[in-house]
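# Fold and contact review
Chain by chain, the residues run as shown.
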Amino acid sequence: MKRKRKSHTRIRISIIIIAIILPSALAIWTARAETCAHYTPDYAKTDLLPILQKKTPSSADYEILLQQTGLARPGVEELYESSQQWKLLGLQDRFHAAAEVECRRDNLLARSERLTNFRELVYDGNPPQLQVASAGMTEAGTLSEFYFMPTVQTGDILITFNGHVFGWRSGHAAIVVDAEKRLTLEAIMPGFDSEICSLDDWQEYPGFALLRLKGASLEEREQIAAYAQKYLTGLPYSLTAFADSGGEGLRAVRRDSAGGAFPDADEKGSGDSADCPPPLSGTQCAHLVWYAYRQFGYDLDSDGGLIVTPYDLYRSDLLELVQLYGLNHD
């Protein structure tokens, strides 16, 4: 009897110790994660006007612009082609500005961070038209024309790591379904169906990455986005949406002469079946993006695991970086 009592006493003591230590450990783990919500460059801003005056930047210039503005080469080239490289000045100011971050509780376990001063993170100095005019450039912009994501295109993929469960940064992902109207398709969280959201909401995230399918035409990426919007909107959020649920795709995929992937046409030759049922019973944010691209022959799951995460998409060799904000590129 004495041995049993001692054994029960030890069990009770162990339970009490775990009950005290575990919440404290989780709280510390969560607090440490929240210190990594936003990365502000630890190096100084440099004068970009000499680069902006060039007709074409050099390879070294592209690297400087990435480090100073967060805009990678594909985005920089697009601004130069449209004579809007002055927008890099605004991006530079926002990239280097101090961020005020608030952590919000989404549900019992999950939290996410948002910028509380995102409306102020445009310029901390002179309006760009004054700087551009002093540089002798012909294209001038105004504050009202500034946009935090100036080179986003339909079909692009958005990744943020500003969502976490205790100390594990689960993150979030979305696909841009209409860049002109600034619309995304997202599976937000359990209890909500996938839905069309505003791209402008992403300016509230303390950190994000804008990614694009390498070597694919805009037409192909628009087709992928259109497929996602039509067939993947309104799906229940499911934590059990695994990568093996998308294997061969809803419809067969063929390749055109340029290497693009397009769903085969139905019997009427329209390329779309009106009575085609929804392909999934549920999805989650990264799985939704992965599934849409998988139907066109692209597997964006970088580690080939059972579950697709935002980090898996972020590390995919099939995607190229277009823009980075609040994340350390190194």
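In this report, the structure presented in the accompanying data block is examined. Computed from a prediction, not measured in an experiment: that's the story for all the values here.

Glancing now at the pattern of salt bridges. Enumeration according to the criterion identifies 6 salt bridges in this entry. A salt bridge links Arg182 to Asp200, with the shortest nitrogen-to-oxygen separation between them at 2.8 Å. Highlighted residues: Arg182 in the loop between strand E5 (172-178) and strand E6 (183-186) and Asp200 in the loop between strand E7 (195-198) and strand E8 (208-213), separated in sequence by 18 residues.

Turning our attention to the side chain of His172. Its place among the elements puts His172 in strand E5. Separated by 2.7 Å, the side chains of His172 and Glu186 make a polar contact. If we ignore the near neighbours within four places in the chain, the residues touching His172 are Leu158, Ile159, Thr160, Glu186, Ala187, Ile188, Trp202, Tyr205, Cys285 and Pro310.

All chains considered together, the criterion is met by 8 aromatic pairs. With a centroid separation of 6.2 Å and 55° between ring planes, the pair formed by Phe161 and Tyr311 is classed as tilted. Of this pair, Phe161 sits in the loop between strand E3 (157-160) and strand E4 (163-165) while Tyr311 sits in helix H9 (residues 310-314), placing them 150 residues apart in sequence. What makes Tyr311 partly exposed here is its relative accessible area of 46%. Look at Trp202 and Tyr205: their rings are 4.7 Å apart centre to centre, the planes differ by 55°, and that puts the pair in the tilted class. Here Trp202 matches Tyr205 in class, with each residue buried. Counting every residue linked through ring pairs, the aromatic cluster contains Phe148, Phe208 and Tyr325. One cation-aromatic arrangement involves Arg94 over Tyr325; the distance from NZ or CZ to the ring centre is 4.4 Å.

Right, let's get into helix H3 (residues 59-69). Every α-helix carries 3.6 residues per turn, so stepping three or four residues along brings you back to the same face. All of the buried residues along H3 are Asp61, Tyr62, Leu65, Leu66, Gln67, Gln68 and Thr69. Buried positions along H3 lie against helix H2 (49-52), helix H4 (73-81), helix H5 (87-96) and strand E11 (319-325).

What follows concerns the environment of Ala173. With respect to the helices and strands, the residue Ala173 is situated in strand E5. Judged by relative accessible area, which is 0%, Ala173 ranks as buried. Put simply, Ala173 and Pro310 are 137 residues apart on the chain and 5.7 Å apart in space, counted from C-alpha to C-alpha. Ignoring any residue separated from it by four or fewer positions in sequence, one finds Ala173 in contact with Leu158, Ile159, Cys285, Ala286, Val289, Pro310 and Leu313.

Another aspect to go through is the nonpolar core. Counting 40 residues, the largest nonpolar core has Ile175, Leu232, Tyr293, Leu300 and Leu313 as its most contacted members. Taken together, the elements giving at least two residues each to this core come down to E3, E5, E8, helix H7 (218-231), helix H8 (285-294) and E11. For this core, the element with the highest residue contribution is H8, accounting for 8 residues. In this structure, Tyr293 is in contact with Gly155, Ile157, Ile175, Leu213, Arg221, Ile224, Tyr298 and Leu300, ignoring residues within four places of it in sequence. Residues Met149, Ala174, Val176 and Ala179 belong to the second largest nonpolar core, which totals 20 residues.

So, about unusual backbone geometry. Of note in the backbone geometry, Ser83 takes a positive phi value of approximately 55° without being a glycine. Since its relative accessible area comes to 36%, Ser83 is described here as partly exposed. One non-glycine residue, Arg182, lies in positive phi territory at about 55°.

Here is what the cut-offs are and how they apply
Along each chain, numbering runs from 1 in the same order as the chain's sequence is written. Totals for whole chains, interfaces and linings use all residues, but because this is a predicted model, local features are given only for residues with pLDDT of at least 70 and pairs of side-chain atoms are given and counted only at 80 or more. Only heavy atoms go into the side-chain values, all of them from the structure, while hydrogens and water stay out. Only one rule defines a salt bridge in this text: a Lys or Arg side-chain nitrogen within 4 Å of an Asp or Glu carboxyl oxygen. Only DSSP runs of H or I covering at least 4 residues are called helices, and only runs of E covering at least 2 are called strands; the numbering of each starts at the N terminus. Distance and chemistry together define a polar contact, namely a pair of N or O atoms within 3.5 Å, with one atom able to donate a hydrogen and the other to accept it when in protein, and with adjacent residues in sequence counting only for side-chain atoms on both sides. Note on contacts: a residue pair is in contact if any heavy atoms of the two residues lie within 4.5 Å. Aromatic rings from Phe, Tyr and Trp, with only the six-membered ring used for Trp, were paired whenever their centres fell within 6.5 Å, and each pair was classed as stacked if the ring planes differed by under 30 degrees, edge-to-face if by over 60, and tilted otherwise. Residue exposure (1.4 Å probe, protein chains only): buried if accessible area is under 20% of the type maximum, exposed if over 50%, otherwise partly exposed. For a Lys NZ or an Arg CZ to count as sitting over a ring, it must be within 6 Å of the ring centre and within 35 degrees of the ring normal. We call a set of buried Ala, Val, Leu, Ile, Met, Phe, Trp, Tyr and Cys residues a nonpolar core when their side-chain atoms join them within 4.5 Å.

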